[in-house]
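Report on the structure
Here's the letter readout for the chains.
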Amino acid sequence: MSVQEPGTYAKNTWCPGCGNFSILNSIKAVLESIREEGTPLDNVVLVSGIGCHAKIVDYVNVNSFYSIHGRATPVVEGIKLADPKLKVIGFAGDGDAYGEGLEHLIFAAKRNIDITMIIHDNRVYGLTTGQCAPTSPMGFKGRSTPRGSLEMPINPLELMLSAGATFIARGFSHGIEHLKKIFKEAVNHKGFALLDILQVCATFYNMYEYYDKRVYELKDHNPADYSEALKKIREWDYHNDAPIGLGVFYKKDAPAFDEGFKFSGKEVDVNSNIDKVLSDAV
Ligand SMILES: Cc1ncc(C[n+]2csc(CCOP(=O)(O)OP(=O)(O)O)c2C)c(N)n1
Ligand code: SF4
């Protein structure tokens, strides 16, 4: 099966100019390339939260699960643990992953479970029409903060570093070749991978010009060095007017949670009562 052809029957409803199109094209290219390298696409599962980003799973022709707002990460983890041979990729919005679902992301990073989380970080709530989000800068004017946000944003990369993530990268929706490259690296990483993509919301927070002037690709950066990674991650804090690095900030080999997690191997009758299912499973 190809992810390019046949396309899905779902009608694309993203706004013209939305950065989600680049993410969609990148994931299709990445899936094609992992398929060519020998991973059947039946062994790939995509999961999304709720938001504009979440529609991506409707547009890619592989198995997927549309979860609920804030809960993409635990669904990704559950699928991975139920069948560790699967490659499970989660797509979440910044509101989704860094707001309502932040605790899940922290614990997934802490336990270094072998999953990939792609965050469509448009720094605004897109689907609900432009409210302030966890990575919106201080002063951000939107539906929920008409006089400007009074809060500093979180720096999700710094948060993920301190939580224990073993792969941390940033991409930009206006630069598809670079995006494909880090996307592939994230998906191939053995352990918890977080890819924060500056995905421009053309309708409620159009940052193309701002980012185009500031982004640069990381060069001569050693992603294995924690202190160097922290320094680079702090260069731009999602508020200050600074150069914005793109690429892999941190990468480390460490045992993945799912490698040590074993079911009993016993057959479980999922139609029996819950006490029996649980006692059979352990
Ligand atoms: C549990 C729950 N809380 C809140 C909502 C309402 N809601 C739907 S999408 C959304 C925010 C979307 O923003 P984001 O996650 O950044 O995704 P985007 O639309 O920008 O891609 C919210 C608050 C919901 N559907 N379910
Ligand atoms: S509202 Fe923003 S994020 Fe949602 S589809 Fe439109 S441009 Fe994309």
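An account of the accompanying structure is given in this report. (Residues numbered from 1 in each chain as written. Chains lettered and ligands numbered in written order. Predicted model: local features only at pLDDT ≥ 70, side-chain atom pairs only at ≥ 80, totals over all residues. Heavy atoms only, no water.)

Quick look at the sheet that holds strand β1 (residues 44–48)
Across the sheet, which stays open at both edges, the 8 strands sit in the order β2-β1-β3-β4-β8-β7-β10-β9 with mixed pairing between neighbours. Taken across any chain shown, the strands that pair with only one partner, and hence form the sheet edges, are β2 (64–66) and β9 (215–217). Between one strand and the next, the sheet's axes are offset by a mean angle of 20°, whatever the strand orientation. Alignment of strand β7 (residues 167–172) against strand β10 (residues 244–251), held across 4 bridges, turns out to be antiparallel. Residue F167 lies in a different strand from β10, and its bridge partner there is K251. (Pairing = 2+ DSSP bridges. Helix = DSSP H or I, 4+ residues; strand = E, 2+ residues; numbered from the N terminus. Axes fitted to C-alpha atoms, helices over the stretch in contact; angles between N-to-C directions.)

Let's talk about the site of ligand 2
Around ligand 2 lies a shell formed by W14, C15, C18, C52, N122, G126, Q199, C201, A202, T203 and F204. Residue classes in the shell around ligand 2 are distributed as 7 nonpolar, 4 polar and no charged. (Near = heavy atom within 4 Å. Nonpolar A, V, L, I, M, F, W, Y, C, P; charged D, E, K, R; others polar.)

Description of the pairing of β1
Where a strand is regular, its side chains alternate between the two sheet faces. Taking burial as the measure, the 5 residues of β1 include 5 buried ones, the bulk of the element. Judged by which residues are buried, β1 turns out to be covered on both faces: V44, L46 and S48 on one side and V45 and V47 on the other are all buried. As judged from the 3 bridges shared by β1 and β2, these two strands associate in the parallel manner. Among the inter-strand pairings, L46 is bridged to a residue of β2, identified as S64. (Buried < 20%, exposed > 50% of the residue type's maximum accessible area, 1.4 Å probe, protein only.)

What to know about helix α6 (residues 176–188)
Spanning 13 residues, α6 covers 18 Å between terminal C-alpha atoms, matching the ideal 18 Å at 1.5 Å per step. Among all positions in α6, only H178, L179, I182, F183, K184, A186 and V187 are buried. (Expected span 1.5 Å × (residues − 1).)

As for the side chain of H178
Of note, H178 is situated in helix α6. Classification of H178 by relative accessible area gives buried; the value is 11%. In this structure H178 touches R170, E217, L246 and G247, once residues within four positions along its chain are discounted. (Contact = heavy atoms within 4.5 Å.)

Re a nonpolar patch on the surface
Taken together, the side chains of I50, Y66, I68 and L127 make up a nonpolar region of the molecular surface, amounting to roughly 360 Å² of accessible area. You can see I68 is positioned in the loop between β2 and α2 (72–82). (Patch = residues over 30% accessible without salt bridge, like charges linked within 9 Å, V, L, I, M, F, W, Y side chains within 5 Å. Areas by Shrake-Rupley, 256 points an atom, 1.4 Å probe, with all protein chains shown as cover. Salt bridge = Lys/Arg side-chain N within 4 Å of Asp/Glu carboxyl O.)

Structural notes on the site of ligand 1
Around ligand 1, the surrounding shell holds 16 residues, and the nearest of these are C52, G95, D96, G126 and L127. The side chain of N122 places a nitrogen or oxygen atom 2.9 Å from an oxygen atom of ligand 1. With respect to ligand 1, the backbone of L127 contributes an N or O atom lying 2.9 Å from an oxygen atom. Burial of ligand 1 by the protein chains amounts to 75% of its free accessible area of 590 Å². Mapped onto the shell around ligand 1, the elements with two or more residues apiece are α3 (94–100) and β5 (124–125). The biggest single contributor to the shell around ligand 1 is α3, with 4 residues. (Polar contact = N/O pair within 3.5 Å; in protein donor to acceptor, adjacent residues only side chain to side chain.)

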